[in-house]
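# Close look at the chain arrangement
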Amino acid sequence: MSSETKGFWGSTLNKLKSALSKTKNTIADENLEISHTEPLEAEDSISEDSIAQEPAPKPVPKIVKVDEEYLEDLEDRLIRTDMGLANVDKLMEHVRQSCRNKSMDSHELTSILKTEFFSILNEAPKSQLKYTPGKLNIYFVVGVNGTGKTTSIGKLCWRFRQEGKRVLMAAGDTFRAAAETQLEIWSQRAGVDIVRLEDKADPGAVVFKAIEKARKENYDCLVIDTAGRLHNKTNLMAELKKVRGVIDKHASDLPLEALLVLDASTGQNGLQQAKVFSEVCSLSGVILTKLDGTAKGGIVFSIAKDLGIPVKLIGLGEKMEDLRDFEPDLFVEALIA
C-alpha cells in the first residue's frame, strides 16, 4: 500500500507508525518478530548530528519457527494491548487452526494476523466521518473529563474551516465556566463562531439557540460540546439524554453524527464508557485521542468488535493537523507491516 492517502490530511501512515510504536513493541520483541519495519521516529526527535552520520543499516527481521511457546507468548502480548480477552481468544483460535498440521514461521504468521485484524475492523460500519453538502451538519460530541474532548472539538472545527466550511460551536458544557472559556479560546484558534450563554444556563437552551442561529445564517457545520459527564452518574446521563432530545426535536431533518471522545490509554475502561454513552446517545462514531502516548492501541479492535461502532477520528499528537481520519487499512499496516 502506498504511504500516500487521499484528501486534506495527506499521508497518515508515517505518523501512525510512530504513534503505534509502543503497541507494536508490546506485540513484538527480539524473540517475537512480527513487525518487519522499524517505527519511524517523530520529526522533532531528529537531530542535526544524526543527519550528518551515516545511516545505520536496517536490522534483518528475525524469522523463527512458530511453536506453542511462541503462540502463548503472542497471546499474552495481544492481551496487553487491550484488545479484550474474548477478542484475543477468538483471534488465537483462528491462528492455531491455521498453524495446525503444518510448519509455519513468524513471517507467515504476520500475514495471518494482518488478515484477522482487517476482519475485526470490518465488522464495524464505515469509518468515514459523514458530511452532507448543502445542509447543516451537526456533530454532537460527548465524553468524560480528561479525554481530550475540548481539544478534539477545536481541532475538528479547524479542520472544517480549512476545508472552507462555515462552522459554529455550541458551548453546551455550562456546568463549568472554565469549559466554556476553554472552548471560546479554541473557537478563536480555529477561526470559527461560538454560541455561549451565561454560566449554569440550561445546556438544552444553548443547543436550541445554536441550531436556530446555524439554520438562519446558513452554517455548514454545528459542533456541540457537552459536559464531561461521568458515565456512572445516572442523573448526569439523563441530562445528556435530554440535550440529545433537543437535537432530535429541532433538527431531526439534519445530518447528525454523535461522537464519543475516548482516551486510548484507558483501554478497557474506555470500552465500558462507550457502552453506556452508546445507550444514551445512539453513538455513530468514536474519536480516539492520545493514541501516540499509549501501548493500548488494541482498544480500536475492541470498539469495532464489541460495540460495532467505528472509530472515525484519531489523535496522533498535539498539532492542529494531528486529529486525523481513521483508516483501517493504514492502521493495520502501521501496526504490523
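### Thoughts on the overall build of the chain
Of regular secondary structure, the chain possesses 13 helices and eight strands. Out of the 337 residues belonging to the chain, those deemed buried represent 50%. Entry remark: accessible area of the chain is about 16000 Å², with carbon and sulfur atoms responsible for 48%.

### Thoughts on unusual backbone geometry
Positive phi, close to 60°, is recorded for Asn 218, a residue that is not glycine. Structurally, the position occupied by Asn 218 is in the loop between helix H9 (203-216) and strand E4 (221-225).

### As for the nonpolar core
Core analysis: the biggest nonpolar cluster contains 76 residues, and Phe 117, Leu 288 and Phe 331 have the highest contact counts within it. The residues touching Leu 288, leaving out its near neighbours within four places in the chain, are Leu 262, Asp 263, Ala 264, Ile 299, Val 300, Ile 303, Val 311, Leu 313, Ile 314 and Gly 315. Of all hydrophobic cores here, the second largest spans 23 residues; its members include Leu 129, Trp 158, Phe 160 and Leu 323.

### Concerning the sheet that holds strand E8 (residues 323-325)
In spatial order, the strands read E3-E2-E4-E1-E5-E6-E7-E8; together these eight strands make up an open sheet with mixed pairing. One side of each edge strand has no neighbouring strand; the edge strands of this open sheet are strand E3 (193-195) and E8. Between one strand axis and the next, the sheet turns by 25° as a mean value, whatever way the strands run. Where helix H10 (residues 234-250) meets the sheet, its contacts fall on strand E1 (137-142), E4 and strand E5 (256-263), and the angle it forms with E1 comes to roughly 180°. Its contacts with the sheet put helix H12 (residues 299-307) on E5, strand E6 (285-289) and strand E7 (311-315), and the angle it makes with E6 is roughly 170°.

### Some points on the side chain of Arg 159
In this structure, Arg 159 sits in helix H7 (residues 149-162). In this structure Arg 159 comes out as buried when scored by relative accessible area, which is 9%. At 2.6 Å, the side chain of Arg 159 and the side chain of Asp 325 are in polar contact.

### Some points on the pairing of E6
Most of E6 sits inside the fold, with five of its five residues counted as buried. Neither face of E6 is left uncovered, since the one carrying Gly 285, Ile 287 and Thr 289 and the one carrying Val 286 and Leu 288 both have all their residues buried. With five bridges joining them, E5 and E6 adopt parallel strand pairing. Looking at the pairing, Leu 260 lines up with Val 286 of E6. Regarding topology, helix H11 (residues 268-281) serves as the crossover connection from E5 to the parallel E6, and that connection is right-handed. Relative to E7, E6 is paired through three bridges, and the arrangement is parallel.

### Notes on H9
Helix length check: H9, at 14 residues, gives a terminal C-alpha distance of 20 Å against a target of 20 Å (1.5 Å per residue), a fit within 8%. Where H9 is concerned, the buried positions are Pro 203, Gly 204, Val 206, Val 207, Ala 210, Ile 211 and Ala 214. The arc that holds the buried residues of H9, viewed along the axis, is 155°, so those residues lie on one side. Two or three places before Gly 204, at the start of H9, stands the capping residue Asp 202, its side-chain oxygen 3.0 Å from that residue's backbone nitrogen. Downstream of H9 by one or two residues, Asn 218 has phi in the positive range, about 60°.

### Re the environment of Cys 157
With respect to the helices and strands, Cys 157 occurs in helix H7. For Cys 157, a relative accessible area of 0% gives the class buried. Measuring from C-alpha to C-alpha, the distance between Cys 157 and Asp 193 comes to 9.8 Å, with 36 residues separating the pair along the chain. Ignoring anything within four residues of it in the chain, the contact list for Cys 157 reads Val 167, Met 169, Ala 190, Val 192 and Val 223.

### Some remarks on the packing of helix H4 (residues 68-80) against helix H5 (residues 85-99)
Remark: H4 packs on H5, axes separated minimally by 10 Å, with the N-to-C direction vectors making an angle of 155°. Taken together, the axes of H4 and H5 lie roughly antiparallel to each other. Here H4 and H5 pass one another in a crossing that is right-handed. Each of Glu 68, Leu 71, Glu 72, Leu 74, Glu 75, Leu 78 and Ile 79 in H4 lies in contact with H5, whose residues at this interface are Leu 85, Val 88, Asp 89, Leu 91, Met 92, Val 95 and Arg 96.

Analysis parameters
- Within every chain, residues take consecutive numbers counted from 1 along the sequence as written.
- It should be noted that, the model being predicted, local features are given only for residues of pLDDT at least 70 and side-chain atom pairs only at 80 or more, the latter also being counted only at that level, while totals for whole chains, interfaces and linings use all residues.
- Excluded from the side-chain calculations are hydrogens and water; all other atoms, namely the structure's heavy atoms, are used.
- Here a strand is any run of E in DSSP of at least two residues, a helix any run of H or I of at least four, and the numbering for each starts at the N terminus.
- Exposure is judged per residue with a 1.4 Å probe applied to protein chains only, and the accessible area is read against the type maximum: over 50% gives exposed, under 20% gives buried, and values in between give partly exposed.
- Throughout, the Shrake-Rupley method with a 1.4 Å probe supplies accessible areas, and for residues the shown protein chains are the sole cover considered.
- In these notes, a set of buried Ala, Val, Leu, Ile, Met, Phe, Trp, Tyr and Cys residues joined through side-chain atoms within 4.5 Å is what counts as a nonpolar core.
- A contact between two residues is defined here by any heavy atoms of the two lying within 4.5 Å.
- Here, strands pair whenever DSSP counts at least two bridges between them.
- Inter-axis angles, ranging from 0 to 180 degrees, are taken between N-to-C directions of lines fitted to C-alpha atoms, where helices are fitted over the stretch in contact.
- Each polar contact in these results corresponds to two N or O atoms within 3.5 Å; when the atoms are within protein, one needs to be able to donate a hydrogen and the other to accept it, and residues that are neighboring in sequence are counted only if both atoms are side-chain atoms.
- Seen with the strands pointing away from the viewer, any crossover whose path from the first strand over the helix to the second strand runs clockwise is right-handed.
- Take the residue count of a helix, subtract one, and multiply by 1.5 Å to get its expected span.
- Regarding the arc, it is the one traced by the directions from the helix axis to the C-beta atoms.
- With respect to orientation, any angle under 35 degrees is reported as roughly parallel, any angle over 145 as roughly antiparallel, any angle of 65 to 115 as roughly perpendicular, and every other angle as oblique.
- In this scheme, a crossing is called left-handed if the near helix is turned counterclockwise away from the far one by less than a right angle; it is called right-handed if the turn is clockwise.

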